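Structure at a glance
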2 protein chains.
Amino acid sequence: MPNPVSADINFRAQSQLGELYAALDSGTGREVQRMLQSLSPQSIAQLLESSPPRIRQVLWNLIDREVEGEVLQELTDDVKAQILSTMDTEEMVAIMEGLNADDVADILQQLPDRLMAEVLSAMSESDRQRVESVLAYGEETAGGLMDTDIVSVRPHLTLDVVLRYLRRHEKLPKSTDNLFVVSRQDKFIGLLPLTRLLTSDPSVTVREIMHTDVEPIPAEMPDHEVAQLFAKYDWITAPVVDASNRLLGRITIDDVVDVIREDADHSLMSLAGLDEEEDTFAPIKRTAPRRAVWLGINLLTALLASWVINLFQGTIDKVVALAVLMPIVASMGGVAGSQTLTVVIRGMALGQIGRSNLRWLLSRELASGALNGILWSAVMGGIAALWFGDLRIALIIIAAMAINLVTAALAGTILPVALRAMRIDPALAGGVALTTVTDVVGFMSFLGLATWYFA
Amino acid sequence: MPNPVSADINFRAQSQLGELYAALDSGTGREVQRMLQSLSPQSIAQLLESSPPRIRQVLWNLIDREVEGEVLQELTDDVKAQILSTMDTEEMVAIMEGLNADDVADILQQLPDRLMAEVLSAMSESDRQRVESVLAYGEETAGGLMDTDIVSVRPHLTLDVVLRYLRRHEKLPKSTDNLFVVSRQDKFIGLLPLTRLLTSDPSVTVREIMHTDVEPIPAEMPDHEVAQLFAKYDWITAPVVDASNRLLGRITIDDVVDVIREDADHSLMSLAGLDEEEDTFAPIKRTAPRRAVWLGINLLTALLASWVINLFQGTIDKVVALAVLMPIVASMGGVAGSQTLTVVIRGMALGQIGRSNLRWLLSRELASGALNGILWSAVMGGIAALWFGDLRIALIIIAAMAINLVTAALAGTILPVALRAMRIDPALAGGVALTTVTDVVGFMSFLGLATWYFA
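Residues numbered from 1 in each chain as written. Chains lettered and ligands numbered in written order. Predicted model: local features only at pLDDT ≥ 70, side-chain atom pairs only at ≥ 80, totals over all residues. Heavy atoms only, no water.

1. Brief notes about the UniProt feature "transmembrane region" (unreviewed entry) in chain A
Residues and elements named next belong to chain A.
- The sites that carry the UniProt feature "transmembrane region" (unreviewed entry) are, in the present numbering, residues 292–313, 319–345, 366–387, 393–419 and 431–454.
- Overall, residues 366–387 shows 100% helix and 0% strand. The separation of its end C-alpha atoms is 30 Å.
- Taken end to end, residues 393–419 is 100% helix and 0% strand, and its two terminal C-alpha atoms sit 37 Å from one another. (UniProt positions renumbered as here; feature names shortened; annotations may be inferred. Helix = DSSP H or I, 4+ residues; strand = E, 2+ residues; numbered from the N terminus.)

2. Quick notes on the UniProt feature "domain: CBS" (unreviewed entry) in chain A
Residues and elements named next belong to chain A.
- The feature "domain: CBS" (unreviewed entry), as given by UniProt, occupies residues 146–209 and 210–268 in the numbering adopted here.
- The annotated region residues 146–209 carries 30% helix and 20% strand content, and the separation between its end C-alpha atoms amounts to 26 Å.
- Across residues 210–268, the secondary structure splits into 46% helix and 22% strand, with the terminal C-alpha atoms separated by 42 Å.

3. Points about the nonpolar core
- In terms of nonpolar packing, the biggest core is built from 86 residues, with Phe446(A) and Phe446(B) touching the most fellow members.
- The residues touching Phe446(B), leaving out its near neighbours within four places in the chain, are Leu322(B), Leu325(B), Met326(B), Val329(B), Ile396(B), Ile397(B) and Ala400(B).
- Residues Val240(A), Val256(A), Phe230(B) and Val259(B) belong to the second largest nonpolar core, which totals 44 residues. (Core = buried A, V, L, I, M, F, W, Y, C linked by side-chain atoms within 4.5 Å. Buried < 20%, exposed > 50% of the residue type's maximum accessible area, 1.4 Å probe, protein only. Contact = heavy atoms within 4.5 Å.)

4. Considering the packing of aromatic side chains
Residue and element names in this part refer to chain A.
- Going through the model one piece at a time under the given rule, you end up with 12 aromatic pairs over all chains.
- Centre to centre, the rings of Trp 452 and Tyr 453 are 6.0 Å apart; their planes meet at 65°, and the pair counts as edge-to-face.
- Under the relative-accessibility criterion, Trp 452 is labelled exposed at 65%.
- The exposure class assigned to Tyr 453 is partly exposed, which follows from its relative accessible area of 35%.
- Site record: aromatic cluster; members linked through ring pairs are Phe 230, Tyr 233 and Trp 235. (Phe/Tyr/Trp six-rings, centres within 6.5 Å; stacked < 30°, edge-to-face > 60°.)

5. A few points about a nonpolar patch on the surface
Residues and elements named next belong to chain A.
- Together, Leu 304, Trp 307, Leu 311 and Met 444 line one region of the surface with nonpolar side chains, adding up to about 380 Å² of accessible area.
- Per-element accounting of the nonpolar patch gives the leading share, three residues, to helix H17 (residues 284–311).
- Mapping Leu 311 onto the fold places it in helix H17. (Patch = residues over 30% accessible without salt bridge, like charges linked within 9 Å, V, L, I, M, F, W, Y side chains within 5 Å. Areas by Shrake-Rupley, 256 points an atom, 1.4 Å probe, with all protein chains shown as cover. Salt bridge = Lys/Arg side-chain N within 4 Å of Asp/Glu carboxyl O.)

6. Considering the sheet that holds strand S6 (residues 247–252) of chain B
All names here are of chain B.
- If you trace the three strands from one edge of the open sheet to the other, you get S4-S5-S6, paired in mixed fashion. Edge strands, defined here as strands with exactly one partner in the open sheet, are strand S4 (217–218) and S6.
- Judged from the two bridges that link them, S4 and strand S5 (residues 237–241) form a sheet pairing that is parallel. The residue bridging Pro 218 from the neighbouring strand is Val 241, located in S5.
- Here helix H15 (residues 223–233) sits on the sheet and contacts S4, S5 and S6; the angle it forms with S6, its principal contact strand, is near 65°. (Pairing = 2+ DSSP bridges. Axes fitted to C-alpha atoms, helices over the stretch in contact; angles between N-to-C directions.)

7. Quick word on helix H22 (residues 426–454) of chain B
- Counted at 1.5 Å a residue, the expected span for H22(B) with its 29 residues is 42 Å, and the 40 Å between its end C-alpha atoms agrees.
- Sitting at the amino-terminal end of H22(B) is Asp425(B), which places a side-chain oxygen 3.0 Å from the backbone nitrogen of Ala427(B). (Expected span 1.5 Å × (residues − 1). Polar contact = N/O pair within 3.5 Å; in protein donor to acceptor, adjacent residues only side chain to side chain.)

8. Thoughts on the packing of helix H3 (residues 41–49) of chain B against helix H5 (residues 65–74) of chain B
Residues and elements named next belong to chain B.
- The N-to-C vectors of H3 and H5 enclose an angle of 55°; their axes lie 8 Å apart at closest approach. Put simply, H3 runs oblique to H5. Both H3 and H5 take part in a crossing whose hand is right-handed. Along its contact with H3, which presents Pro 41, Gln 42, Ile 44, Ala 45, Leu 48 and Glu 49, the element H5 presents Glu 70, Val 71 and Glu 74.
- Broken down by class, the residue content of the contact of H3 with H5 amounts to five nonpolar, one polar and three charged. (Parallel < 35°, antiparallel > 145°, perpendicular 65-115°, else oblique. Left-handed = near helix turned anticlockwise from the far one by under 90°. Nonpolar A, V, L, I, M, F, W, Y, C, P; charged D, E, K, R; others polar.)

9. Remarks on the sheet that holds strand S1 (residues 152–153) of chain A
Residues and elements named next belong to chain A.
- Strand order in the open sheet formed by three strands is S1-S2-S3, with mixed pairing between adjacent strands. Among the strands making up the open sheet, the edge pair consists of S1 and strand S3 (188–193).
- Here S1 runs beside strand S2 (residues 178–182); their pairing, made up of two bridges, is parallel. Looking across to S2, one finds that Val 153 is bridged to Val 181.

10. A closer look at the pattern of salt bridges
- Scanning the entire structure with this criterion turns up 34 salt bridges over all chains.
- Between Arg346(B) and Asp265(A) there is a salt bridge, with the nearest N and O atoms lying 3.3 Å from each other. Of this pair, Arg346(B) sits in helix H19 (residues 321–349) while Asp265(A) is found in helix H16 (residues 253–271), placing the two residues in two different chains.
- Accessibility expressed as a relative area gives 8% for Arg346(B), which makes it buried.
- Given the relative accessible area of 13%, Asp265(A) is considered buried.
- Within the structure, one salt-bridge network assembled from shared partners comprises Arg65(A), Glu68(A) and Glu91(A).

11. So, the packing of helix H17 (residues 284–311) of chain B against H22(B)
Residue and element names in this part refer to chain B.
- At a minimum axis separation of 9 Å, H17 and H22 run at an interaxial angle of 15°. Of the possible angle classes, the one that applies to H17 and H22 is roughly parallel. As H17 packs across H22, the resulting crossing turns out to be right-handed. Here Trp 294, Ile 297, Asn 298, Thr 301, Leu 304, Ala 305, Val 308 and Ile 309 of H17 lie close against H22, whose contacting residues are Leu 428, Val 432, Thr 436, Asp 439, Val 440, Phe 443, Met 444 and Leu 447.
- Taken together, the residues of the contact of H17 with H22 sort by class into 12 nonpolar, three polar and one charged.

12. Some thoughts on H5(B)
- Turning to H5(B), its buried residues number three or more, namely Glu68(B), Gly69(B), Val71(B) and Leu72(B).
- Turning to H5(B), the residues buried within the fold contact H3, helix H4 (53–62), helix H6 (77–84), helix H7 (89–96) and helix H8 (101–108) of chain B.

13. Quick word on the interface of chain A and chain B
- Counting residues at the interface gives 144 residues for chain A, matched by 144 residues for chain B.
- In terms of surface lost to chain B, no three residues of chain A exceed Leu198(A), Gln339(A) and Arg346(A), which account for 6% of the buried area on that side.
- Inspection of the chain A/chain B interface yields four salt bridges.
- Across the pair Glu365(A) and Arg291(B) runs a salt bridge whose closest N-O atoms are separated by 2.8 Å. (Buried area = accessible area lost by both parts, 1.4 Å probe.)

Listed below in structure tokens is the structure:
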């Protein structure tokens, strides 16, 4: 289990931040500049991500020109867009020099169309072509993730020739672990791992030792599927091809790690009605409206619950203890339901849940809900009997809680599956839908039983 | 944004599962065996993870002996432990042959101590030593993640000699991207990237082209810090050293990806009182008790809210409309608070939040809470006035909702930070603590104001 309590690295980042702010406060830009120069682009990016918008801009202006591009590519989309919004075309073109095509495409996709066209036309012909080949694919596809900087070889060559060819390179692209074997028409044939190249007899040909049991990734594949393949097969790089099997580029694990993080964040953030790419330090004018929408949706569901309570005004008027206990029934249903919901949503994200095992899952959840329903409704019944000295109220809350916990298990399993079938994101809509059900059923069963009993 | 709706890969996995179950149902074990033989160990592992316990065992028994080890190492800890519990020592030793030391250690750590000792003593001397060097470190440290299968070279050698030395290997360890440069005493000196080796003149020495600006990872570093370093610096492998800088092994990105996934899952699962390693298809005897504890804790907090309501029985008795509206005040506070809480918990997990920026964050959350408080309390006030035709109730709910939304912003920001300072996991305790605050403050302010007003 990760232990978020003793994060030394976070502590180090935080003390860097503290020193930096102290230097900023004392007004010595020089000092801050010196501190920034001693940090890696990755560390600078983290400091920017951890700063409120105004300080972020001040820091950005103090960063050395040469590292700006590297820092920019490390930032999350939201923050990247914020910083880009203050630059002119020339600055942008200057910054993008020396970045990989996929990173440039990532940055360009944050810009309005007009600006993107301007920046592209200001780039050199060859750079533009490479970036455009990435831009041709959506941001969230394999094509959008890929890097076009690859080393390819032909199958008939001997390793000796390949080794001499490589030695003519100043350096190979970062994270190169395989050479790509292609036909004369640039069709993908196989992979030649560098480790294989180094351990084989130089007189054999590429064809004899290349791996051909590799399925290249189609450029249109959604990025989260790419991430699943990388995680499943422990890949470091993978070739990307177009519909006719022509090699377009490669995807490297570092870009995939970002996708994996975002995918994992998606459920957490969506359950609270937030976007997984949301900037922690987004300005209020971005934060407040999005939250407002979510609160509005929840107000509607809360009103529905109130409408149910309103049906039983007469009963509450007679037995006011019901008003005291009714939130307990609703709340326990909500908690039990969100446990089930979380397990199911995660299972779905991992690709584990489908028609063939849903029934088993549902029956386990129902059994678990029933067992816990019996346990905790009995406990609560005892408490109610002692508190209000009224056995009838105790019996009613026992029945209502048991009903609501079983309902919660049912709703927590069925709702996300049904939402997915309706092509609605279960992580986003599941929580709201679930509490609506457990609130309505909770109040309805408790107050309904009371009305019938006390009538 | 990832789109969990159209997951083709998940769909493929699900249809494999469907076919498999159909074959199991028709009772033809041969057929199932043939299907399993056509799948990669990773795909088999996913099928096992997606199956209820009993089917899981049946499938396990149909898997070919030779791939059992590879399949086992792909399973999550919970499932791994389940399957191991049915094996005897001999079977275990057989399975672990051919696995890396870190993977064997991972498996052994799932066993009771006595059994672990038995399996270790049944292994060959050299295998045992390698596994024990990994076991010496905790499961959740760099040492526990590392693999001892590395290729190291000495700095004075020429590349030509290194190339000849490599060619004497049958194959290099998987994901080898660097050779490790060590002194005669095995102290870590630097890295020699394979790409560098391939592009340099064979007559130069290792010392001349090796990278020395690499900080090796201390074996005691917690695994989530290792993951942050890998994600930050885009590493594929990294050297692990002991306290005296002696090279112990290397960590590869594929093991880190698992840590990143678990870390990201931690907040999601903990907020629902679940364990991030929980098996989706855990049997009920494991599921129900854990859920029971969580429900019990929540019952306590719900009782606290009821106790607050109970203080105002008299007022509710007089104005029963209050009972109808009071859940709205509490619920809106809970929703607003959990939005703030989620943003803060994720920011903390990413190492972004500390003393220097907490104040800014708090003021943004308070401003956002106030703005949304004004907006939605006004709307709700209007609805209440129309519904109950009573301006006093409208004014009371406006005030109470505004108070509760600001309280939610305050609690959502302060609580996780305070919990962390007390070394309590904010993801686990934050949600419960928060709804306790928003429930109590919600009911207290609404019913309190009403009591004062109607008295």
